[in-house]
Number of protein chains: 4
Amino acid sequence: MDYQAILDRVHAAVKPVIGSGKVASYIPELAKVAPNQFGIAIVDLEGNVYQAGDAEMSFSIQSISKLFGLTLAFHLEGDSVWSRVGREPSGTPFNSLVQLEQERGKPRNPFINAGALVVTDMLLTHYASRGGTENALIKFIRKLADKMDIGYDRAVAESEQRTSHRNAAMASFMKSFGNLNNDVSDVIEAYCRNCAIAMNCVDLARAVTFLANHGVVPWSSEKILDASSAKRINALMLTCGTYDAAGDFAFRVGLPAKSGVGGGIVALMPGECGICVWSPALEASGNSYAGSVALEMLTSMSGRSVF
Amino acid sequence: MDYQAILDRVHAAVKPVIGSGKVASYIPELAKVAPNQFGIAIVDLEGNVYQAGDAEMSFSIQSISKLFGLTLAFHLEGDSVWSRVGREPSGTPFNSLVQLEQERGKPRNPFINAGALVVTDMLLTHYASRGGTENALIKFIRKLADKMDIGYDRAVAESEQRTSHRNAAMASFMKSFGNLNNDVSDVIEAYCRNCAIAMNCVDLARAVTFLANHGVVPWSSEKILDASSAKRINALMLTCGTYDAAGDFAFRVGLPAKSGVGGGIVALMPGECGICVWSPALEASGNSYAGSVALEMLTSMSGRSVF
Amino acid sequence: MDYQAILDRVHAAVKPVIGSGKVASYIPELAKVAPNQFGIAIVDLEGNVYQAGDAEMSFSIQSISKLFGLTLAFHLEGDSVWSRVGREPSGTPFNSLVQLEQERGKPRNPFINAGALVVTDMLLTHYASRGGTENALIKFIRKLADKMDIGYDRAVAESEQRTSHRNAAMASFMKSFGNLNNDVSDVIEAYCRNCAIAMNCVDLARAVTFLANHGVVPWSSEKILDASSAKRINALMLTCGTYDAAGDFAFRVGLPAKSGVGGGIVALMPGECGICVWSPALEASGNSYAGSVALEMLTSMSGRSVF
Amino acid sequence: MDYQAILDRVHAAVKPVIGSGKVASYIPELAKVAPNQFGIAIVDLEGNVYQAGDAEMSFSIQSISKLFGLTLAFHLEGDSVWSRVGREPSGTPFNSLVQLEQERGKPRNPFINAGALVVTDMLLTHYASRGGTENALIKFIRKLADKMDIGYDRAVAESEQRTSHRNAAMASFMKSFGNLNNDVSDVIEAYCRNCAIAMNCVDLARAVTFLANHGVVPWSSEKILDASSAKRINALMLTCGTYDAAGDFAFRVGLPAKSGVGGGIVALMPGECGICVWSPALEASGNSYAGSVALEMLTSMSGRSVF
């Protein structure tokens, strides 16, 4: 498939809607990002890179870090992860406490905030005596993306931490149910740092390619997950990866994907390629508006989806 | 792929768990079904049939009728269907009224009871002057399954209707929000009749094969849906087809599927085949226990899933 | 206490706010009532009547009928009433189904719609072989109000019935939990008829005076309830009688009261008198706006409340 | 009225149920209290004390401190209190977050935990430059109870603080809605200290007598609240003072009351006396079981209630 030609067509076609929607405003640092940006990249299983627009512009990966955090925890802990976090779509906004009360402190899935806090707690415990999650998750992502100079944006992390009372509420709430082992403030700090990791479309597309390749990083042949586990992460992305719009996203796009309020969305075509699109203005559920449209165009034009 | 060999292996491997779980008891007629039964069938795009166990034993399709109802409504009405019913996983049991209140009478998706009641209402209105939904939906299924003697079980339909106060509650509730045009009792009657349609695994596997074939019935070449619409129905099955266990089902099985409390589950491998498995005893979410296990084995053994 | 002087002062003081708020519009017949009306009446334990404004203008008693229905059921069945309906404030709007789901079909109290439907069901069963609730409740009210020509407004009853899908939803829902014995349509019909009973302020003030007199109708010496039961009904009015504004109402007014969306509010001063105020325009919770203000003035000016 | 004779009769009659129920166990220090204790005291408007049982045994006042906190805040801030906390019964358990989400961080009333946290926050802000709430609230209570050696139990305060993740969750949650001005940890610390205040029945009965006396402390003639405000606090106690059993409590007892999980309940008869009963074993809603029964007996035997 001629990915470059498709990306060029998508880029041209998506232009009228770039900037439609609203840049995330609850984190002051994110609110400063100019909405009129758009980038897209594909990395195939041979490592070839295809890109269009601002694909090398760095942005805050935000909730996309939840995918890497889960992958690392699943890699380290295996199925015991699921004793503390579920695998079901939530049917409610990403930061709801209602469901957490009904289900007694066990978050519905690892891609809503509560679930990612539990995963962060697991990683904190795992790395307690090994120098902290901070380096661990970033090192892991560097390996997946095959790039050493990935880091996080301190200003974003601090901005996020100052406004994360709701995440603190969820963490305290889970702690009251016995589903958090570390201090709430430590978990929040690590969580905010992970959300503030800065990457571009090319790096992110490369970093998820192993999920299109049965869990193996194509260029290094390192096995991150076995084939069955990789398939399962993909399934989880499809059912839970785009907040409370996952059903609609699957309906329109039909690819496993994970979005972040920084405007990035990673996706993948199993057996073919990793994908990342970015445009900062969001639709009501918190997914990039132009990014979603671009992915829908991509699957329509290429005739590819998982279905 | 040697489907017959795989079905035989699945059948042998699943034996220890056949009968585990509980037969649906809220409909008296269903409670009489013996739990120790199991059948499975595959129909490929050439129409070849593969089967094991009680694959020609007739059972009550129950919520699988929601898939056919939606397909018919989508076929007739196109995207206007989505103005009255959503496409998101519900995150709650299949018969909850809570969400319906929060979302002001618009059901989250067409595969929960509330959504199927709205779809039934659409079909009733459409066929009002044309002899009723009863024949319409059964005729549609006969065409898909290429079999003329499919009908519904009067005793089950009546048993269901006598105990459908909760469905009546949902229908009245939606009517209070203006999302039901026909009389509540007419909608309930049609809905119960559709649930009481009796089919076997071979018929059901055949009836869903068009969804694995871009919307075209392979043996008649009749186009039921265009390729894009068929893909979308599959996406909806994956995210919403197995009640509040859809995330877990996608995680373990990774195929679009729709289950019913009669113990049947239809599924499909895009581009390959239609599938149906049946075993009456259910897990807590209302899906066939042995049936789910069998489908998980099938994807593990065949190495096939959509991911 | 000089009730007439106080009523005159209240009437004068309340004038600026008469008509503020909104006349109930969900029942078409009620929407026709002119908002600029106001009446108030007090009946003391000797039967003396004090009144001001449109106190002899007839209006639809609506939810005030819930008070009479409960009294009659409590009179007939005693404490067994409480096995089917609770005694707690609901903390939610009067027609919510959410709580009903959480509490498995047992309404929180007899003054929300769901609770009144259960009470209506009890009365229907009791009078099944005795000529129906219709006459029973009206006869009971005639006796309390010492007036023979009280009846119900057929146009209002029918208007209400045509738009009572939500009440039908609640009734069906409770039936699904086994907490309704009669047909949903029969319960709804009786319920709507009871709501459509037409009375004026003087009649209503007289009809509740027994609750200020330890359960005994002063002029006939008939004991409707024993002193302890009368006290309990009063407690229930204070905690649950004014929809989801009961706390605020107790805070501001401090008297047991029951309101209806027709704009009437009955209240009482234990040991002193029965009270009724009426003004059709409602505040957001469904209580008469000017009526609430008038009762607040009444307790401020008289220095009387239960506290 | 011969209070002493009534207390003696109540004490004798309640004996069979003393110890029924469960001592609060979520705070380890409280779990150590022996369940078989019972005390009751009445203080009339002349300051006469009547008592029976363990009425001078000190216990942890727990949520009864919410009454004193609210009184102090209302005394200091007047009606502006109600811009941050409501006056409606909650209809849910005392520590629910669900309602807080629906009502966007404004607690339903000051007697549920969330509401008391907001009141504590108000007091912290008020006393920030004046030596802290700690002394302020205790000094206030000492004045009301006319007793200088009232303090708090450090072991209970620390035990409570170590297990107050759920309260921290609520505080963080309200902070996310902008309804908390101080640091979460400072609010929690002050809140736990207030709950750990230790008093006996005689002191507590005396401390609430001003609420039976139009807001004036009888022995010092100090006006704490004006008559209207005192009446309003009483109304709030009746509708919201006994957790999610307030309706039932009003129904059975019919007096304004506030309970704590330490087993104490304060109540009052307007115009007559302050009351306190204590017995550590609780019913399901968190109110003293024997204490509730004793108060019901007291109103039955004395023929007094507000209704």
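Residues numbered from 1 in each chain as written. Chains lettered and ligands numbered in written order. Predicted model: local features only at pLDDT ≥ 70, side-chain atom pairs only at ≥ 80, totals over all residues. Heavy atoms only, no water.

**Observations concerning the packing of aromatic side chains**
Move 1: Scanning all chains against the criterion turns up 23 aromatic pairs over all chains.
Move 2: Here F74 of chain A and F251 of chain B contribute two aromatic rings whose centre-to-centre distance is 6.5 Å and whose plane-to-plane angle is 45°, an arrangement assigned as tilted. Residue F74 of chain A is found in helix α3 (residues 64-77), and its partner F251 of chain B is found in helix α13 (residues 246-252); the two belong to separate chains. The exposure classification of F74 of chain A matches that of F251 of chain B, with both residues buried.
Move 3: By the ring-pair criterion, three or more aromatic residues cluster together here, those being F74 and W82 of chain A together with F251 of chain B.
Move 4: Positioned above the aromatic ring of W82 of chain A is the side chain of R87 of chain A, whose terminal nitrogen or guanidinium carbon lies 5.3 Å from the ring centre.
Move 5: The cationic tip of K258 of chain A hangs over the ring face of Y243 of chain A; the distance from NZ or CZ to the ring centre is 4.6 Å. (Phe/Tyr/Trp six-rings, centres within 6.5 Å; stacked < 30°, edge-to-face > 60°. Helix = DSSP H or I, 4+ residues; strand = E, 2+ residues; numbered from the N terminus. Buried < 20%, exposed > 50% of the residue type's maximum accessible area, 1.4 Å probe, protein only. Lys NZ or Arg CZ within 6 Å of the ring centre and 35° of its normal.)

**Section: the interface of chain A and chain B**
Move 1: Taken together, the 32 residues of chain A in the interface contact 32 residues of chain B.
Move 2: Across the interface of chain A and chain B, roughly 2800 Å² is buried in total on both sides, 57% from carbon and sulfur atoms.
Move 3: It is K231, F251 and F307 of chain A that lose the most area in chain A upon contact with chain B, and together they represent 30% of the buried surface on that side.
Move 4: The tally of links from chain A across to chain B stands at six salt bridges.
Move 5: The residue D248 of chain A makes a salt bridge to R87 of chain B at a minimum N-O spacing of 2.2 Å. (Contact = heavy atoms within 4.5 Å. Buried area = accessible area lost by both parts, 1.4 Å probe. Salt bridge = Lys/Arg side-chain N within 4 Å of Asp/Glu carboxyl O.)

**Points about the pairing of strand β9 (residues 273-278) of chain D**
Residues and elements named next belong to chain D.
Move 1: The buried fraction of β9 amounts to six of the six residues, a majority that puts the element mostly inside the structure.
Move 2: Residues C273, I275 and V277 line one face of β9 and the alternating positions G274, C276 and W278 line the opposite face, and both faces are buried.
Move 3: Both strand β2 (residues 39-44) and β9 contribute to a ladder of six bridges, which runs antiparallel. Along β9, the bridge assignment pairs V43 with G274.
Move 4: Hairpin connection from strand β8 (residues 264-269) to β9: three residues lie between these consecutive antiparallel strands, with G271 at a positive phi of about 80°. (Pairing = 2+ DSSP bridges.)

**Examining the relation of the copies chain C and chain B**
Move 1: Once chain C is rotated about the relating axis by 180° and shifted along it by 0.0 Å, it coincides with chain B to within an RMSD of 0.0 Å. Here the transformation between the copies is reduced to the relation of a two-fold axis. Among all residues of chain C, the one whose C-alpha sits closest to the rotation axis is A169 of chain C, at a distance of 1.9 Å.
Move 2: A share of 100% of the interface residues of chain C reappears at the interface of chain B, consistent with the copies meeting face to face through the same patch. (Least-squares fit on C-alpha atoms with pLDDT ≥ 70 in both.)

**Points about the relation of the copies chain A and chain B**
Move 1: Here chain A sits on chain B after a turn of 180° about the axis and a move of 0.0 Å along it, with an RMSD of 0.0 Å.
Move 2: The share of interface residues of chain A whose copies in chain B are also at the interface is 100%, consistent with both copies meeting through the same surface.

**Observations regarding the interface of chain C and chain B**
Move 1: At the interface, 13 residues of chain C touch 13 residues of chain B.
Move 2: Summed over both sides, the interface between chain C and chain B buries roughly 1200 Å², with carbon and sulfur atoms accounting for 67% of that surface.
Move 3: Of all residues in chain C, E101, H165 and R166 of chain C give up the largest surface area on contact with chain B, accounting jointly for 39% of the area buried on that side.
Move 4: Between R166 of chain C and E101 of chain B there is a salt bridge, with the nearest N and O atoms lying 3.0 Å from each other.
Move 5: Counting across the chain C and chain B interface gives two residue pairs in polar contact (both at pLDDT 80 or more).
Move 6: Every element with two or more residues in the side of chain C that touches chain B is listed here: α4 (98-102) and α8 (165-176) of chain C.
Move 7: Among the elements that take part in the side of chain C that touches chain B, α8 of chain C stands out by supplying eight residues, more than any other.
Move 8: Looking at side-chain class alone, the side of chain C that touches chain B contains six nonpolar, four polar and three charged residues. (Polar contact = N/O pair within 3.5 Å; in protein donor to acceptor, adjacent residues only side chain to side chain. Nonpolar A, V, L, I, M, F, W, Y, C, P; charged D, E, K, R; others polar.)

**Focus on the environment of E222 of chain B**
Residues and elements named next belong to chain B.
Move 1: Secondary-structure assignment places E222 in the loop between α11 (209-212) and α12 (227-240).
Move 2: Look at E222 and you get partly exposed, because its relative accessible area is 29%.
Move 3: Put simply, E222 and V23 are 199 residues apart on the chain and 37 Å apart in space, counted from C-alpha to C-alpha.
Move 4: Ignoring anything within four residues of it in the chain, the contact list for E222 reads K143, G215, V216 and V217.

**Here's the deal with the arrangement of the chains**
Move 1: For chain A and chain C, which are not in contact, the least C-alpha distance works out to 11 Å.
Move 2: These two, chain B and chain D, are apart from each other, with no contact and a minimum C-alpha gap of 11 Å.

**Observations concerning the sheet that holds strand β6 (residues 197-199) of chain B**
Move 1: Pairing is antiparallel across the open sheet formed by three strands, whose spatial order is β4-β6-β5 (chain B). One side of each edge strand has no neighbouring strand; the edge strands of this open sheet are β4 (59-60) and β5 (151-152) of chain B.

**As for the packing of helix α8 (residues 165-176) of chain B against α8 of chain C**
Move 1: The N-to-C vectors of α8 of chain B and α8 of chain C enclose an angle of 165°; their axes lie 7 Å apart at closest approach. The orientation of α8 of chain B relative to α8 of chain C falls into the category roughly antiparallel. As for the relative orientation of α8 of chain B and α8 of chain C, their crossing is left-handed in sense. Counted together, H165, R166, A168, A169, S172, F173, K175 and S176 of chain B of α8 of chain B and H165, R166, A168, A169, S172, F173, K175 and S176 of chain C of α8 of chain C form the full contact between these two elements. (Axes fitted to C-alpha atoms, helices over the stretch in contact; angles between N-to-C directions. Parallel < 35°, antiparallel > 145°, perpendicular 65-115°, else oblique. Left-handed = near helix turned anticlockwise from the far one by under 90°.)

**Some thoughts on the packing of helix α1 (residues 3-14) of chain B against helix α14 (residues 289-302) of chain B**
The geometry of a pair of packed helices is captured by two quantities: the angle between their axes and the separation between those axes.
Residues and elements named next belong to chain B.
Move 1: Two elements in contact, α1 and α14, have axes separated by 9 Å at closest approach and are oriented at 135°. One finds that α1 runs oblique with respect to α14. Taken as a pair, α1 and α14 cross one another with a handedness that is right-handed. Residues I6, L7, R9, V10, A13 and V14 of α1 form the contact with α14, whose own contacting residues are A290, V293, A294, M297, L298, M301 and S302.

**Examining the side chain of T71 of chain D**
Move 1: Turning to its location among the elements, T71 of chain D is positioned in helix α3 (residues 64-77).
Move 2: Setting aside anything within four residues of it in sequence, one finds T71 of chain D in contact with F140, F210, I224, L225 and I233 of chain D.

**Details of the pattern of salt bridges**
Move 1: Evaluated as defined, the whole model comprises 52 salt bridges over all chains.
Move 2: Across the pair D121 of chain B and R84 of chain B runs a salt bridge, and its minimum N-O distance is 2.7 Å. Of this pair, D121 of chain B sits in helix α5 (residues 113-127) while R84 of chain B sits in the loop between α3 (64-77) and α4 (98-102); the two residues are 37 residues apart in sequence, bridging distant segments of the chain. With respect to burial, D121 of chain B and R84 of chain B carry one shared label: buried.
Move 3: R108 of chain D is the partner of D244 of chain C in a salt bridge, and the nearest nitrogen-oxygen pair spans 2.7 Å. Linking D244 of chain C in the loop between α12 (227-240) and α13 (246-252) with R108 of chain D in the loop between α4 (98-102) and α5 (113-127), this pair reaches from one chain into another. As far as the burial class goes, D244 of chain C and R108 of chain D line up, both buried.
Move 4: What you see here is one network of salt bridges that share partners, running through R87 and R232 of chain A together with D248, R252 and E296 of chain B.

Functional significance is not addressed by these values, which are geometric in nature.
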